[in-house]
Every structure is written in C-alpha cells, then in structure tokens.
Amino acid sequence: MSHTGSSGGQPGPQRTTDRAAALSEPTRAYAELVAGNRRFVDGAPRHPNQDAGHRAAVADGQHPFAVIVGCSDSRLAAEIIFDRGLGDLFVVRTAGHTAGPEVLGSVEYAVTVLGTPLVVVLGHDSCGAVQAARESASTGTAPSGHLGAVVDAVLPSLRRAAAEGVDDIDGIVDIHIAQTVETLLGQSPVLADAVAQGRCAVVGVSYRLAAGAVRPVAAVPAGLAALETAPSTDPAAPATV
C-alpha cells in the first residue's frame, strides 16, 4: 500500500490532488459513486482515470475517495460497476463481505492514513455466502475447511433476519449488509470516531446482478442514502447526473 504522495510540480499529480480535494466530503464521494453506477447501468461508462497518463500521475501516491468493502463474487468488480479508475477506490473483498481484523485494519488504514471520506459495504442479491450460511443453519452441518469461518460470520445476520421475520434470501442479504455496516462501526473505534467527527460516512448498498444497479440499504449518518440524486462533483464529470 502507498501513502498519499506529494503533489510536487508535475501536472498529473496536481490534478490528482485537486480531484481528491473536490471529493473530500462523504456526500460528494457518495454522489460520485452513484453517478458512475448510473453510467454503467445506462451502458455509457466514461472509464475515467484508466489511461497511461493517470497511471503515471498516481504512481507516487494515492487519494482514493471511497473504501469498498465488497463481496468477492466475480460479478462484483467495484471499479467496473462504479465506472472508476486507478487510484479512485480502495477495495477490500471477502466472501459475503465478512469483516475480520484484516478487513477492519484495511479500512482504518484508508480512513486514517489516506484520508478517505467514505466507506461502502457492497453486497448483492443471491449472495452465495448467505445461501451457504442458511443451508448450514438449516441442516445443522458446518462446511469443511476455512469456509466455516465465512459461514460463522454470516450467522448473526441470519439470526437477526429470523427475529425480524425475514425469510427470503434477498431480504436476508439486506440485513447482512446492514449488519456489516454496524460491525465495522462497532468493532472499529477509529472508524466510529471519524464518522462522529463528520470526516467519514459509512453506507451499505445492494447490487442487482442482472440490472447492474446499486441501491442504498443502510447509512451512517442516515441522511446520506437520500443524497443518491445529488449532482456529481468530479471536475471531469458531466454537470448533472
């Protein structure tokens, strides 16, 4: 991992720093993610920050505007579905977006060292990890190997869903996304403090595999999800989204 780099006198790094400043607020960062996802859904991606010039510009430092804690599902590539490029997103992926110590440490690194203002929990419909946990709970059999650790991490979400009377798989997925948001904040005082100070926000979103769209499920602060129609603030983006 690389720390934030000095902007120096080169045009490329300076543009990177300017863009990072423009997206430094959680609400603006979230609006930019939503704008990119709309471009992806509409079949009109811009593929920003993927050229050789930008590759050179970010070689000496990174300024990601969002941390993506996502499921490892092969259909859930964050830079693609949010139409972003090199240096934009700090991505941490595990099956079922389970959040163990390494995930928490990675999130804290991005928030405290890189100054990233937004953490996104990215789940999706028909999640295999949730389905595996559900099967394990219903049959009373634990999966072999380390897959058991993934199932164990999802089981609290299943219990919560049962307590709330939620039985369909995608409803359970939504609860699991919200549970992961709460886990991140509950187990990381560093992240919770950044959110309390307004320097960062955490939002959970669910991705629809067929449609390609994300929708908000949970957010801290709660009003963040309502900003999904806010305009983009990326200097290279269209005036409206």
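Definitions and limits used
- Residues numbered from 1 in each chain as written.
- Predicted model: local features only at pLDDT ≥ 70, side-chain atom pairs only at ≥ 80, totals over all residues.
- Heavy atoms only, no water.
- Helix = DSSP H or I, 4+ residues; strand = E, 2+ residues; numbered from the N terminus.
- Buried < 20%, exposed > 50% of the residue type's maximum accessible area, 1.4 Å probe, protein only.
- Contact = heavy atoms within 4.5 Å.
- Expected span 1.5 Å × (residues − 1).
- Pairing = 2+ DSSP bridges.
- Axes fitted to C-alpha atoms, helices over the stretch in contact; angles between N-to-C directions.
- Core = buried A, V, L, I, M, F, W, Y, C linked by side-chain atoms within 4.5 Å.

**Quick word on the overall build of the chain**
Part 1 of the argument: From N to C terminus, the chain includes nine helices and five strands.
Part 2 of the argument: In the chain, the order of α-helices and β-strands from amino to carboxyl end is α-α-α-β-α-β-α-β-α-α-α-α-β-β.
Part 3 of the argument: A total of 241 residues make up the chain; the buried ones form 48% of that total.
Part 4 of the argument: Here the contacts in the chain between residues at least 6 apart in sequence split such that 69% fall between residues at least 24 apart.

**A word on the side chain of serine 188**
Part 1 of the argument: Along the chain, the position of serine 188 falls in the loop between helix 8 (169-187) and helix 9 (189-196).
Part 2 of the argument: When its relative accessible area of 1% is taken as the criterion, serine 188 is described as buried.

**Some remarks on helix 2 (residues 26-42)**
Part 1 of the argument: For helix 2, with 17 residues, the first-to-last C-alpha span of 24 Å sits near the 24 Å given by 1.5 Å per residue.
Part 2 of the argument: Looking only at helix 2, the buried set comprises Pro26, Ala29, Tyr30, Ala31, Glu32, Leu33, Val34, Ala35, Gly36, Asn37 and Arg39.
Part 3 of the argument: Of the residues trailing helix 2, glycine 43 is marked for its positive phi of about 75°.

**Focus on the environment of proline 101**
Part 1 of the argument: Here proline 101 shows up in helix 5 (residues 101-112).
Part 2 of the argument: Exposure remark for proline 101: the relative accessible area of 64% places this residue in the exposed category.

**Focus on the sheet that holds strand 5 (residues 214-220)**
Part 1 of the argument: Pairing is mixed across the open sheet formed by five strands, whose spatial order is 2-1-3-4-5. On the outer flanks of this sheet lie strand 2 (89-94) and strand 5, each paired with one strand and no other. On average, adjacent strands in this sheet sit at an angle of 20° to one another, irrespective of strand direction.
Part 2 of the argument: The strands touched by helix 8 are strand 1 (66-71), strand 3 (118-124), strand 4 (201-207) and strand 5; relative to strand 4, the strand with the most contacts, the crossing angle is about 160°.

**Considerations on the nonpolar core**
Part 1 of the argument: Residues Leu33, Ile68, Phe82, Leu118, Val119, Leu122 and Leu191 are the most contacted members of the largest nonpolar core, which totals 61 residues.
Part 2 of the argument: Broken down by element, this core gets its largest block of residues, eight residues, from helix 8.
Part 3 of the argument: Non-local contacts of leucine 191, meaning those with residues more than four positions away in its chain, are made with Val107, Val111, Val119, Leu184, Leu185, Cys200 and Val202.

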